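Chain and residue survey
Residue-level listing of the chains:
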Amino acid sequence: MNSQQWIEKADHYIMKTYGRYPLVPVRGEGCWLWDADGKRYLDFLAGVAVNNLGHCHPRVVEALRRQAGELIHCSNFYHIPQQIELAELLCGRSFADRAFFCNSGAEANEAAIKLARKYSREKFGPDRYEIITALSSFHGRTMATISATGQEKVQRFFDPLLHGFKHVPFNDADALRAAVTPTCCAVMLEPIQGEGGVVAPSPEYFREVRAICDRHDLILIFDEVQTGIGRTGKLFAYEHFGTAPDIMTLAKALAGGAPIGAMLAREALAGSFTPGSHGSTFGGNPLMAAAAVAAVHAVLEEGVLENAVAMGAYLTGRLEGLKERFPFITEVRGIGLLIGAQLSIPGADIVKKALERGLLINVAQERVLRFVPPLIVTREEIDLMIGILEGILTEV
Ligand SMILES: *Cc1c(COP(=O)(O)O)cnc(C)c1O
């Protein structure tokens, strides 16, 4: 079937939860995708920061192939070697001592919310349950995580929301300090707001946040679902801040494109999850955990972090060059290969034109072009992307 035929069938059978572009990708390699008609696209979206190793990275493909022939799934009633190996790998590289595995970013955040509440209730009594999060944040689409998310547009029509979330402006330590009450148990933040339009806080912000949490015995949760696994040029974004959280959530890029989520925590907190506290049928099953072990090893061993830093700087420089020429680009910001170009005009038309010319990018908050290419992107691919973008901007 060609792309048009697939799109017509989708129109009949698929729920319209996404404003999908008219593209039917059927094959991928590195930074490139091919659609059902054989047309090639340069992918600077990478499944929204999922394909950090590019499409079909050989080590991830091999791990999935091998594991699929050995054991695809078994219950978490039993011990799962690939999951244990993954937990050791992530804990060994982070502040955390223990891991819980699930299947998505939202589920990882659900697990973090549940752990924070259980720990706080056990330690401080029944009145500590409230979690402070940021305005313009994004934490997922489940009921708890839309309640946590500080954006009215994801909450509308779904109330009553989960009780016990409070939103404060991001990058404003005073606002956070003022919001703390005796009912608060935790603070949950993205190190850099991704869906919120690639917003990085000032360097001191997280040190202040950490100090506020320490002072009031609040658990600090970092949602690194988008920023984790090398996206910012470090394995975890918190490594840039000279401080660490108590709980961290991961998903998107963790298994090189395979679906998995993780919630990592310090020992003192992790102890509150006892048998029966939480669970997931598929969470960290052998197939996904094997893919994640392969993906994390590839990120650490193949110069991927170094490339993210170098290509992040190069892409930022090239975008700065476009900013000089096109006054409707008002700011280029980001860290590593999580980069946004702030526009003074809506970006949807640019994204649409880019697709027509074989380039995949995305727009966040209507006016921020988001560039999250695979971390293996080359200088030549960046030059190609800039060339296409330049052509489009000239017509705007
Ligand atoms: C994508 C994202 C989520 C949600 O992840 P899902 O796998 O879609 O549930 C949560 N938090 C952040 C910061 C994200 O970028």
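Refer to the structure printed above.
Residues numbered from 1 in each chain as written. Predicted model: local features only at pLDDT ≥ 70, side-chain atom pairs only at ≥ 80, totals over all residues. Heavy atoms only, no water.

1. Describing the site of the ligand
If you check the shell around the ligand, you find Ser-104, Gly-105, Ala-106, Asn-109, Phe-138, His-139, Gly-140, Glu-190, Asp-223, Val-225, Gln-226 and Lys-252 and nothing else. Within the backbone of Phe-138, an N or O atom sits 3.2 Å from a nitrogen atom of the ligand. For the ligand, an oxygen atom lies 2.8 Å from a polar atom in the side chain of Gln-226. Starting from 390 Å² of accessible surface for the ligand in isolation, the protein chains cover 81%. Among the elements that line the shell around the ligand, the one with the most residues is helix H5 (residues 105–124), at three residues. A class-by-class count of the residues in the shell around the ligand yields three nonpolar, six polar and three charged. (Near = heavy atom within 4 Å. Polar contact = N/O pair within 3.5 Å; in protein donor to acceptor, adjacent residues only side chain to side chain. Areas by Shrake-Rupley, 256 points an atom, 1.4 Å probe, with all protein chains shown as cover. Helix = DSSP H or I, 4+ residues; strand = E, 2+ residues; numbered from the N terminus. Nonpolar A, V, L, I, M, F, W, Y, C, P; charged D, E, K, R; others polar.)

2. Brief notes about the sheet that holds strand E15 (residues 368–371)
Spatially, four strands are ordered E11-E12-E15-E14 in an open sheet, and the strand pairing comes out antiparallel. Each of the sheet's edge strands pairs with one partner strand only, and the pair in question is strand E11 (329–335) and strand E14 (362–364). Neighbour-to-neighbour, the strand axes of the sheet open up by a mean angle of 30 degrees, direction not taken into account. Bridge count for strand E12 (residues 338–343) against E15 is four bridges, and the pairing is antiparallel. Looking at E15, one finds that Ile-339 is bridged to Phe-371. Its contacts with the sheet put helix H12 (residues 304–325) on E11, E12 and E15, and the angle it makes with E11 is roughly 175 degrees. Set on the sheet, helix H13 (residues 348–356) makes contact with E12, E14 and E15; between it and E14 the angle comes to about 165 degrees. (Pairing = 2+ DSSP bridges. Axes fitted to C-alpha atoms, helices over the stretch in contact; angles between N-to-C directions. Contact = heavy atoms within 4.5 Å.)

3. Some words on the environment of Ala-68
With respect to the element layout, Ala-68 can be found in helix H3 (residues 58–70). On the accessibility criterion, Ala-68 (36% relative accessible area) is partly exposed. Between the alpha carbons of Ala-68 and Leu-287 there is a distance of 6.3 Å; along the sequence they are 219 residues apart. (Buried < 20%, exposed > 50% of the residue type's maximum accessible area, 1.4 Å probe, protein only.)

4. As for the packing of aromatic side chains
On inspection of all chains with the given rule, the structure shows eleven aromatic pairs. The interplanar angle of 75 degrees and the centroid separation of 5.6 Å between the aromatic rings of Phe-170 and Tyr-205 together place this pair among those described as edge-to-face. Taken together, the positions of Phe-170 in the loop between strand E6 (165–168) and helix H8 (173–179) and Tyr-205 in helix H9 (residues 205–216) put the pair 35 residues apart, joining distant regions of the chain. One exposure class covers both Phe-170 and Tyr-205, and it is buried. Taking the centre distance of 5.8 Å and the plane angle of 45 degrees together, the rings of Phe-326 and Phe-328 count as tilted. By way of ring pairs, the aromatic residues Phe-170, Tyr-205, Phe-206, Phe-222 and Phe-241 are connected into one cluster. The ring centre of Trp-34 lies 4.1 Å from the NZ or CZ of Arg-27, which sits over that ring. (Phe/Tyr/Trp six-rings, centres within 6.5 Å; stacked < 30°, edge-to-face > 60°. Lys NZ or Arg CZ within 6 Å of the ring centre and 35° of its normal.)

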